Amino acid sequence: METLQTEIVPDSQHKGLVGKLPPALRAYALLARFDRPIGWWLLFWPCAWGVLLAGGMKTHWPLILWMLLGAIAMRGAGCVYNDIIDRDLDAQVERTRLRPIASGAVSPRAAWAWLVLLSFIGLVVLIQLRLEARLVAVASLAPVAAYPFMKRITWWPQAWLGIVFSWGALVGWFAVMSAPSGAMVLLYFGSIAWVIGYDTIYALQDREDDALIGVRSSALRLGAHVKAGVAVFYALALSCWAGAFWLLRPQLMGLAALLPAALHFAWQILSLQVSNGDDALAKFRSNRFAGVLVALACAVIGSTA
């Protein structure tokens, strides 16, 4: 049992406090992916973008910290829910077969209880928001609940993940502004394209297992054209963000704020080793830095618009 609870997945980064937890508690931390912080960073950055692009850098900065807490809790809750639904599939995939529920380290009933506790933390964050932002956040529950089933019915579950993981851009915007705008919409759709791009890279790790058990993904659908496909989605993301910036600050210098992110995406694509799972994982994780670069760009435009 110790092996199951300490070596849940090959790409685990459990170190520090998570690695020092007693085995029973560690299983719950791993179930919520506390050992792999990349997930909550990717969920958090669109939230920060929405606040920053709406001009809330000076007036709403404490809210950004609340959103980070909410991203950690709700990403954890989402992972628990996903693993409850996918426990049979996870047991058939080499990379996921030792996840806590699939391996038997945590029972489905205990996992539901853990999900409720994490959701309560999310509720605490929710009440920090304005009413409009609360309503938008609650509306995300339906697509979140549907996500685990998408890999069974579409070749593009990454697109649905984009809808879910980008929802924070809308919440962040409404946390500052009372009305939507074209810039908000473009920020959101740009984030969706970004998520499809980086999660396609992530899905490269599982292409063989997914094909064997009948799970669908954009990495399988794109086949030999993965690099080109990711390039198209990253280009769409940059185009949407550029449009959002232009609506708020119609100057070429404003668009230059996206240049660092564009260079980072170019590096990802050009150096991506499609058949190397470790490299795919490293490129996927590098999107945490991409999120920082886009956040800085949003802060520049939002504070000067």
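Residues numbered from 1 in each chain as written. Predicted model: local features only at pLDDT ≥ 70, side-chain atom pairs only at ≥ 80, totals over all residues. Heavy atoms only, no water.

### Section: the overall build of the protein
Across its full length, the protein carries 20 helices and 0 strands. Whereas a compact globule of 305 residues would reach a radius of gyration of roughly 19 Å, the protein reaches 19 Å, a difference of no more than 12%. Expressed along its principal axes, the backbone C-alpha trace of the protein runs to roughly 60 × 45 × 35 Å. Counting all 305 residues of the protein, 53% fall into the buried class. (Helix = DSSP H or I, 4+ residues; strand = E, 2+ residues; numbered from the N terminus. Rg over C-alpha atoms; globule rule 2.2 N^0.38 Å. Buried < 20%, exposed > 50% of the residue type's maximum accessible area, 1.4 Å probe, protein only.)

### Observations concerning the packing of helix 5 (residues 61-85) against helix 10 (residues 141-153)
In contact at an axis separation of 10 Å, helix 5 and helix 10 are set at 40 degrees when each is read in the N-to-C sense. Here helix 5 is positioned oblique relative to helix 10, judged by the angle of their axes. The crossing of helix 5 and helix 10 is right-handed. In this structure, helix 5 contributes Tyr81, Asn82 and Ile85 to the contact, and helix 10 contributes Val144, Ala145, Tyr147, Pro148, Phe149, Lys151 and Arg152. Its residues placed into classes, the contact of helix 5 with helix 10 shows 7 nonpolar, 1 polar and 2 charged. (Axes fitted to C-alpha atoms, helices over the stretch in contact; angles between N-to-C directions. Parallel < 35°, antiparallel > 145°, perpendicular 65-115°, else oblique. Left-handed = near helix turned anticlockwise from the far one by under 90°. Contact = heavy atoms within 4.5 Å. Nonpolar A, V, L, I, M, F, W, Y, C, P; charged D, E, K, R; others polar.)

### Comments concerning the nonpolar core
With 77 residues, the main nonpolar core has Trp49, Met67, Trp194, Trp241 and Phe245 as its most contacted residues. When residues in this core are grouped by element, the largest group, 13 residues, is from helix 13 (residues 182-203). For Trp49, the residues in contact, after removing those within four places along its chain, are Leu187, Ser191, Trp194, Trp241, Gly291, Val294, Ala295 and Cys298. Formed by 14 residues, the second largest nonpolar core is a distinct cluster that contains Tyr81, Val106, Ala111 and Leu118. (Core = buried A, V, L, I, M, F, W, Y, C linked by side-chain atoms within 4.5 Å.)

### Description of the state of the cysteines
Here is the idea: a disulfide is a covalent bond, and it sits between the sulfur atoms of two cysteines. Applying the stated criterion across every chain yields a total of 0 disulfides. As a non-bridged cysteine, Cys79 has Cys47 as the owner of its nearest cysteine sulfur, 15 Å distant. We classify Cys79 as buried; its relative accessible area is 14%. (Disulfide = S-S within 2.5 Å.)

### Some points on the packing of aromatic side chains
A complete count under the given rule lists 16 aromatic pairs for this structure. Ring centres of Trp241 and Phe265 lie 6.4 Å apart, and the angle between their planes is 35 degrees; this geometry places the pair in the tilted category. Of this pair, Trp241 sits in helix 16 (residues 226-248) while Phe265 is found in helix 18 (residues 259-271), placing the two residues 24 residues apart along the sequence. Each of the two residues, Trp241 as well as Phe265, counts as buried. (Phe/Tyr/Trp six-rings, centres within 6.5 Å; stacked < 30°, edge-to-face > 60°.)

### Details of a nonpolar patch on the surface
Together, Trp66, Leu69, Phe120, Ile121, Leu123, Val124 and Ile127 make up a nonpolar patch on the protein surface, roughly 580 Å² of accessible area in all. Sort the elements by how many residues they give to the nonpolar patch and helix 8 (residues 108-126) lands first, with 4 residues. Looking at the secondary structure, you find Val124 in helix 8. (Patch = residues over 30% accessible without salt bridge, like charges linked within 9 Å, V, L, I, M, F, W, Y side chains within 5 Å. Areas by Shrake-Rupley, 256 points an atom, 1.4 Å probe, with all protein chains shown as cover. Salt bridge = Lys/Arg side-chain N within 4 Å of Asp/Glu carboxyl O.)

### Observations concerning helix 8
Taking 1.5 Å per residue as the helical rise, helix 8 with its 19 residues ought to reach 27 Å, and the 26 Å between its terminal C-alpha atoms agrees with that figure. Burial in helix 8 covers these residues: Ala111, Trp114, Leu115, Leu118, Gly122, Val125 and Leu126. One side of helix 8 holds all its buried residues, which, seen down the axis, span an arc of 140 degrees. The outward face of helix 8, more than 90 degrees from its buried face, is lined by the exposed residues Arg109 and Val116. Buried residues along helix 8 sit against helix 3 (23-31), helix 5, helix 7 (100-103) and helix 9 (131-139). (Expected span 1.5 Å × (residues − 1). Arc of directions from axis to C-beta.)

### With respect to helix 19 (residues 277-285)
Buried residues of helix 19: Asp279, Ala280, Leu281, Lys283, Phe284 and Arg285, and no others. The inward-facing, buried residues of helix 19 contact helix 4 (38-53), helix 13, helix 18 and helix 20 (287-304). Two or three places before Asp278, at the opening of helix 19, Asn276 has a side-chain oxygen 3.0 Å from that residue's backbone nitrogen. (Polar contact = N/O pair within 3.5 Å; in protein donor to acceptor, adjacent residues only side chain to side chain.)

### Some thoughts on the pattern of salt bridges
Tallying each qualifying case throughout the model produces 5 salt bridges. Linking Arg130 and Glu132 is a salt bridge whose minimum nitrogen-to-oxygen distance equals 3.4 Å. Across the pair Lys283 and Asp279 runs a salt bridge whose closest N-O atoms are separated by 2.6 Å. Of the two residues, Lys283 and Asp279 are both situated in helix 19; the distance of 4 residues between them amounts to about one turn of the helix. Salt bridges sharing common partners tie together Arg33, Asp83 and Arg99.

### Observations concerning the confidence of the model for the protein
Mean pLDDT over the protein works out to 89, with 92% of the residues at or above the 70 mark. Note on residues 1-10: pLDDT under 50 across the span, and 24 contacts to partners over four residues away in sequence or across chains. (pLDDT = per-residue confidence, 0-100.)

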